[in-house]
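# Observations on the model geometry
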2 protein chains.
Amino acid sequence: MGRVSVLTNVLKANQEIATENRRLFEREGTLVINLMSAPGAGKTSLLEATLRGLESRYRIAVIEGDPTGLDSQRIRALGTRSHQIKTTGTVCHLDARMVAHALNEFPVQGLDLLLIENVGNLICPASYDLGESLRVVICCVAEGAEKPKKYAVMFHIADVVLLNKTDLATASGIDLRELEKNVREVNAKATVFAVSCKTGVGLDAWVAWLREAIASRRIAEVARC
Amino acid sequence: MGRVSVLTNVLKANQEIATENRRLFEREGTLVINLMSAPGAGKTSLLEATLRGLESRYRIAVIEGDPTGLDSQRIRALGTRSHQIKTTGTVCHLDARMVAHALNEFPVQGLDLLLIENVGNLICPASYDLGESLRVVICCVAEGAEKPKKYAVMFHIADVVLLNKTDLATASGIDLRELEKNVREVNAKATVFAVSCKTGVGLDAWVAWLREAIASRRIAEVARC
């Protein structure tokens, strides 16, 4: 069997499990976010800022794809439930089966929001549906304005793009308008926020958007009951 | 056949072609560098700075793994031969076969130095030998000091680690000594340089080291003739 056929089969099997995961999340009325970025773009910092920004009335949990356990510790320090999918150094993405296994010991029941931090990689995670409701891609401005063109698949599938570390834009010689234009060229529909977890710029708008998404999810859930 | 067996076979086949590539490079006395990093860590800028720093008496060429062609254009603008391995948005690493194919139309004969810019990814490229002489990993300081721990396989296999964009260290809240210590924890033998392609800091030391590596290669070549 050729390599392409093997990959096709792997992706097909993944899709079946992702569909099961998605059914479970929808049944529970849980908004699930698949958070993706290159290494060091600020996924965990963005999670921390998001958890601080959301009211405590929300029931939230976090799944971390991480070899070290450091990220889960940071989330637990904020009083939020967190589960580590222990990846090894050669695991380049989370897949739907890993998430399904995690849910066996980390139940989703009653959650308003489940945030899944994927492995730091702008390529492979784009191909693996986890069953999420929304795909959020973080782009650190210091990576350069042309990144959306180079990693077009990832930016194309994003529902939300967060341009992070905007406090480094001037020092990095980055024009935020050019970066956003490059995002728009590969994805005209994505919601884009320019944020900085260091200065707090833009976080209120992102958290308000997320609050609306959780509310819409609940309304859909109530309407179905 | 299970997925692990497929991967084992893929890596075994890759190794055979990489060995052939390496024999060719050694026969020609060409020093070959496999340049790897996360997206946006500054591989192309480092290549530009390296090409400017090396004397014009060296015969140098560059292979770019890139979907856009932008990187090859930047290299050619400096008067250096460059070949693009046109990756698609789902190709997460270069492999030995891609390099062997590139060499069919981009001969290595007579080269002192061949620089290969891999796909921006800190995971998959670490598993695929291209036949290179040296593996050089770039880490942008803005990615955070803990990256060597999280991407330990990549940092473990590096011969040289370049801590790049040191001009952003203070603004990013990064202690360069801590970052270097974290590199050392996973790889005590790597040669480490702290550099900035913006300010030029550290580039002379890196280029001097590279010049020595080219010279050693030539001596080995002359001794064998």
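I will try to describe carefully the structure that is included in this document. The structure displayed is predicted, hence computed values, not measured ones. (Residues numbered from 1 in each chain as written. Chains lettered and ligands numbered in written order. Predicted model: local features only at pLDDT ≥ 70, side-chain atom pairs only at ≥ 80, totals over all residues.)

## Details of the relation of the copies chain B and chain A
We apply this condition: Residues reaching a pLDDT of at least 70 in both copies supply the C-alpha atoms on which the copies are superposed by least squares.
Once chain B is rotated about the relating axis by 180° and shifted along it by 0.0 Å, it coincides with chain A to within an RMSD of 0.0 Å. Here the symmetry operator amounts to a two-fold rotation axis.

## Some details on the sheet that holds strand β6 (residues 160-164) of chain A
Residue and element names in this part refer to chain A. The cut-off we apply is this: By definition, two strands form a pair when at least two bridges between them are found by DSSP. Each helix is a run of H or I in the DSSP string that is no shorter than four residues. Each strand is a run of E no shorter than two, and both are numbered from the N terminus. The angle between two axes is taken between their N-to-C directions and runs from 0 to 180 degrees, where each axis is a line fitted to C-alpha atoms and a helix contributes only its stretch in contact.
Taking strand neighbours across the sheet as the criterion, the seven strands line up as β3-β2-β4-β1-β5-β6-β7 in an open arrangement whose pairing is parallel. Each edge of the open sheet carries a strand with a single partner, namely β3 (81-86) and β7 (191-194). Neighbour-to-neighbour, the strand axes of this sheet turn through a mean angle of 20°, independent of strand direction. Pairing analysis gives six bridges linking strand β2 (residues 60-66) to β3, with the strands arranged parallel. Along β3, the bridge assignment pairs Glu64 with Gln84.

## Examining helix α4 (residues 96-105) of chain B
All names here are of chain B. What counts here: Burial is judged by counting the other C-beta atoms within 10 Å of a residue's own C-beta: 20 or more makes it buried, 12 or fewer makes it exposed, and any count in between marks it as partly exposed, with every C-beta position built from the backbone. Comment: arc refers to directions from the helix axis out to C-beta atoms.
Within α4, burial applies to Ala96, Met98 and Val99. Buried positions in α4, seen along its axis, are confined to an arc of 160° and lie on one side of it. For α4, exposure combined with an orientation more than 90 degrees from the buried face picks out His101, Asn104 and Glu105.

## Things to note about the interface of chain B and chain A
Interface size is often expressed as the accessible area that is lost when the parts come together. Formally: We call two residues in contact when their backbone-placed C-beta atoms lie within 7 Å. Residues were grouped as follows: Ala, Val, Leu, Ile, Met, Phe, Trp, Tyr, Cys and Pro as nonpolar; Asp, Glu, Lys and Arg as charged; and all remaining residues, including Gly, as polar.
Listed per partner, the contact involves 34 residues of chain B and 34 residues of chain A. Residue assignment for the side of chain B that touches chain A shows that the elements contributing at least two residues are α1 (3-28), α5 (147-150), α6 (152-157) and α7 (169-172) of chain B. Here the side of chain B that touches chain A is built from residues that sort into 17 nonpolar, nine polar and eight charged.

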